[in-house]
Amino acid sequence: MKWPNLKHLHYLVVLHEVQHFNKAAQLCCVSQSTLSTAIQNLEEQFSCQLLERDHKTFVFTPFGLELVERSKKLLNDATELVNFAHSAGNWQAGSLKLGVIPTIAPFIFEGILSVVNTHFAELQLKLQEDTTENLLRQLNDGILDLLILALPMETPGCKQLVIGHDPFHLVAHKDLIDSLPEPMDMSALPKDSVFLLQREHCMTGHAVSACRLKHSEQVSSLAASSLHTLVELANSKLGYTFMPELAINHHILNSSQLVSMPAEDNAYREIGLVWRSGTTRVRLFRMLAELLSALMPIPTLKK
């Protein structure tokens, strides 16, 4: 049996990602003719058409799309094998590309760096901040090795390990505290008075669910792009918001006149690590999980 060329499979995956031969060739640091020849070689080897071509346009065939997905997994495994060899089998060494969502990243990056510098001196850490959707796509494509996300969240093809609970707090200007209902009842808040993040931030969904705001008229149509914007909105006395304890513990409410209190029923989000199911680095990830758990407001793992 003749094995497919990994470089050719890489060219195919990049072409699918950018949908343009010239751009794909540039990203792969080869000529366009070299990339085209590689795709043709794959078609000849598999005796199956990968692309439907029409002058300067093309579309992937169903077989081509399936081969792209299988190639991603194969390339991920090959990359892990090379990294393993470069580190001479030392599972605590090599490169680790870690992605973190924006509602967690600013409050944990310093702690992550401290943990890695203290316990994994030979590990080269690369950090990236992005939305959950983008991070999961990059994890599945092999661009990232490990994620720190807010859970629950569907992560097909991946494993999850919860490392801590992050309670939500209702945040309001000190002048509005006396107007809050006792005991706290979210449905009693004024209409359009609760500010949340834009929908691409998963914290919005978690807050809506955990704090019983689903289908609530209390949620304002004015959505913020960051936790710091939520602080500014609440500080202007326009309404209320929910803030994770992780952010509060890192002094996000400093220089404001906001007061925080536990959300109804002690609502919280889970924070966990997410990695591809087929990875060979589970030992490293589980040890990191134990160490990073200590950074959480309520740890769920013990060293």
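This text follows the structure it describes.
Residues numbered from 1 in each chain as written. Predicted model: local features only at pLDDT ≥ 70, side-chain atom pairs only at ≥ 80, totals over all residues. Heavy atoms only, no water.

What follows covers the environment of Leu-127. Inspection of the secondary structure assignment puts Leu-127 in strand S4 (residues 123–129). Residue classification places Leu-127 among the partly exposed positions, given a relative accessible area of 31%. Note: C-alpha distance between Leu-127 and Leu-96 (31 residues apart in sequence) is 8.5 Å. Apart from the residues lying within four places of it in its own chain, the contact partners of Leu-127 are Leu-98, Phe-109, Ile-112 and Leu-113. (Helix = DSSP H or I, 4+ residues; strand = E, 2+ residues; numbered from the N terminus. Buried < 20%, exposed > 50% of the residue type's maximum accessible area, 1.4 Å probe, protein only. Contact = heavy atoms within 4.5 Å.)

In this section: empty space enclosed by the protein. Applying the stated criterion to the full structure yields three cavities of 30 Å³ or more. For the largest cavity, the calculated volume is near 50 Å³. In terms of lining residues, the largest cavity is bounded by Asn-76, Thr-79, Glu-80, Asn-83, Lys-97, Gly-142, Asp-145 and Arg-276. When residues in the lining of the largest cavity are grouped by element, the largest group, four residues, is from helix H4 (residues 62–86). For the lining of the largest cavity, a count of residues per class yields no nonpolar, four polar and four charged. (1 Å grid on protein atoms, 1.4 Å probe; cavity = no way out; pocket = protein on both sides within 12 Å on 5 of 7 lines; lining within 4 Å. Points joined across faces, edges and corners; volume = space filled by probe spheres on them. Nonpolar A, V, L, I, M, F, W, Y, C, P; charged D, E, K, R; others polar.)

Looking now at the layout of surface pockets. Considering only enclosed or pocket space, the largest pocket measures out at about 440 Å³ in volume. For the largest pocket, the lining is made up of 16 residues, of which His-10, Val-13, Val-14, Leu-75 and Asp-141 are closest to its centre. Counting residues per element, the ones that place at least two in the lining of the largest pocket are helix H1 (6–18) and H4. Sort the elements by how many residues they give to the lining of the largest pocket and H1 lands first, with eight residues. Here the residues of the lining of the largest pocket sort into six nonpolar, five polar and five charged.

Attention shifts here to unusual backbone geometry. In the segment running from Leu-151 into Pro-152, the intervening peptide bond is cis, with an omega of 5 degrees. Along the polypeptide, Pro-152 turns up in the loop between strand S5 (146–151) and strand S6 (158–173). At Cys-29, a position not held by glycine, the phi torsion is positive, near 60 degrees. Relative to the helices and strands, Cys-29 resides in the loop between helix H2 (21–28) and helix H3 (32–46). With a phi angle near 55 degrees, Asp-192 is a residue other than glycine that sits in the positive phi range. Secondary-structure assignment places Asp-192 in the loop between S6 and strand S7 (194–195). Judged by its relative accessible area of 48%, Asp-192 is partly exposed.

What follows covers the nonpolar core. Ranked by size, the top nonpolar core spans 69 residues in total, and within it Ile-148, Leu-227 and Met-243 carry the most contacts. Beyond its immediate sequence surroundings of up to four residues, Leu-227 is in contact with Thr-103, Phe-107, Leu-197, Met-203, Met-243, Pro-244, Ala-247 and Ile-252. Tyr-11, Phe-21, Ala-25 and Val-68 belong to the second largest nonpolar core, which has 21 residues in total. (Core = buried A, V, L, I, M, F, W, Y, C linked by side-chain atoms within 4.5 Å.)

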